[in-house]
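Each chain, written out:
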Amino acid sequence: MNNLILIGFMGCGKTSVGFQLAKRLNFNFCDTDQIIEEKVKDTINHIFEIKGEEYFRKLETETIKGLIGKLNNTVLSVGGGLPIQTGNERLIRELGCVVYLKTSKDTIMQRLSGDTTRPLLAGDQDKRIEKLLSFRAPIYEAAAHLIVTTDGRLIHDIIDEIINRTGVLL
Ligand SMILES: Nc1ncnc2c1ncn2[C@@H]1O[C@H](COP(=O)(O)OP(=O)(O)OP(=O)(O)O)[C@@H](O)[C@H]1O
Ligand SMILES: O=C(O)C1=C[C@@H](O)[C@@H](O)[C@H](O)C1
Ligand SMILES: [Mg+2]
């Protein structure tokens, strides 16, 4: 098994870093949000709106369970809330080396300003990010084999650190 699993808060860069990291390593890339959208042929926003968060969390757990034993040479980026559900942190650690893209509230706010594709941040985005991030940050840290900070850093620099520290090319 040779997989990298990217976790972290919305806007930390899991999808953008993951896609480019996979290209650089000549690995496959997948993203649980994209797998779910393809599977149910709907957007995350619309799934939340019509079926609610609990239903979406079940889809996430089903998706991650379905990947066990099936991934190799893959960078997998997982939805921001997936590692928060009890039991999922064990499943992602089974899949590969878990990398937490640690990002401050201020950076997340800058990156997601004006973005309406994240249903959990609708309304007072600032307060929601603060509350969710302070609850989730210790869970991300505990789930991770490796923590890489992303504030003020270019994507290629983050990718270099992940490659150097995981020794994934060796
Ligand atoms: N290191 C970075 N420097 C500057 N901008 C970045 C960086 N990483 C990501 N971004 C930008 O931040 C935004 C959010 O990134 P991305 O969609 O990759 O986050 P995510 O972790 O996948 O979020 P989600 O959990 O909601 O899927 C994008 O516009 C992306 O281009
Ligand atoms: O942090 C979260 O709970 C979420 C993050 C996104 O990746 C999506 O999975 C969805 O918008 C929920
Ligand atoms: Mg993403």
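Residues numbered from 1 in each chain as written. Chains lettered and ligands numbered in written order. Predicted model: local features only at pLDDT ≥ 70, side-chain atom pairs only at ≥ 80, totals over all residues.

In the annotation of an unreviewed UniProt entry, the chain is listed under the name Shikimate kinase and assigned to Anaerocolumna sedimenticola. Here the chain is described in UniProt, under the heading Subcellular location (unreviewed entry), as follows: "Cytoplasm". You can read under Sequence similarities (unreviewed entry) in the UniProt record for the chain the words "Belongs to the shikimate kinase family." (UniProt positions renumbered as here; feature names shortened; annotations may be inferred.)

A. Structural context of the packing of helix H1 (residues 14–25) against helix H8 (residues 155–166). Interaxial distance between H1 and H8 falls to 10 Å at its minimum, and their mutual angle equals 60°. Of the possible angle classes, the one that applies to H1 and H8 is oblique. Crossing of H1 over H8 shows right-handed handedness. On the side of H1, the interface is formed by Ser16, Val17, Gln20, Leu21 and Arg24, while H8 contributes Ile155, Ile158, Ile159 and Ile162. (Axes fitted to C-alpha atoms, helices over the stretch in contact; angles between N-to-C directions. Helix = DSSP H or I, 4+ residues; strand = E, 2+ residues; numbered from the N terminus. Parallel < 35°, antiparallel > 145°, perpendicular 65-115°, else oblique. Left-handed = near helix turned anticlockwise from the far one by under 90°. Contact = placed C-beta atoms within 7 Å.)

B. The arrangement of unusual backbone geometry in detail. Its identity as a non-glycine residue notwithstanding, Asn26 has a phi of 60°, on the positive side. Positive phi, close to 50°, is recorded for Lys41, a residue that is not glycine. One can find Lys41 in the loop between helix H2 (32–40) and helix H3 (44–51).

C. Broad picture of the UniProt feature "binding site: Mg(2+)" (unreviewed entry) in the chain. The feature "binding site: Mg(2+)" (unreviewed entry), as annotated in UniProt, sits at Thr15 in this numbering. Considering the arrangement of structural elements, one finds Thr15 in helix H1. A residue is classified by how many C-beta atoms lie within 10 Å of it, and Thr15, with 16 of them, is partly exposed. Setting aside its immediate chain neighbours within four residues, Thr15 contacts Asp31 and Ser77. (Buried ≥ 20, exposed ≤ 12 C-beta atoms within 10 Å, placed from the backbone.)

D. Broad picture of the site of ligand 1. Close to ligand 1 lie 18 residues, the nearest being Met10, Gly13, Lys14, Thr15 and Ser16. Of all the secondary-structure elements, those providing two or more residues to the shell around ligand 1 are H1 and H8. Looking at the shell around ligand 1, the element that brings in the most residues is H1, giving three residues. (Near = placed C-beta within 6 Å.)

E. Expanded view of the pairing of strand E1 (residues 3–7). The buried fraction of E1 is high, at five of five residues. Here E1 shows two buried faces, one formed by Asn3, Ile5 and Ile7 and the other by Leu4 and Leu6. Bridge count for E1 against strand E3 (residues 74–77) is four bridges, and the pairing is parallel. By the bridge assignment, Leu4 is partnered in E3 with Val75. Sheet topology note: the E1/strand E4 (residues 97–102) ladder contains four bridges and is parallel. When the bridges of E4 are listed, Ile7 appears paired with Tyr100. (Pairing = 2+ DSSP bridges.)

F. Up close: the site of ligand 2. In the region of ligand 2, the neighbouring residues are Met10, Asp33, Ile44, Gly79, Gly80, Gly81, Arg118, Pro119 and Leu120. Classifying every residue of the shell around ligand 2 gives four nonpolar, three polar and two charged. (Nonpolar A, V, L, I, M, F, W, Y, C, P; charged D, E, K, R; others polar.)

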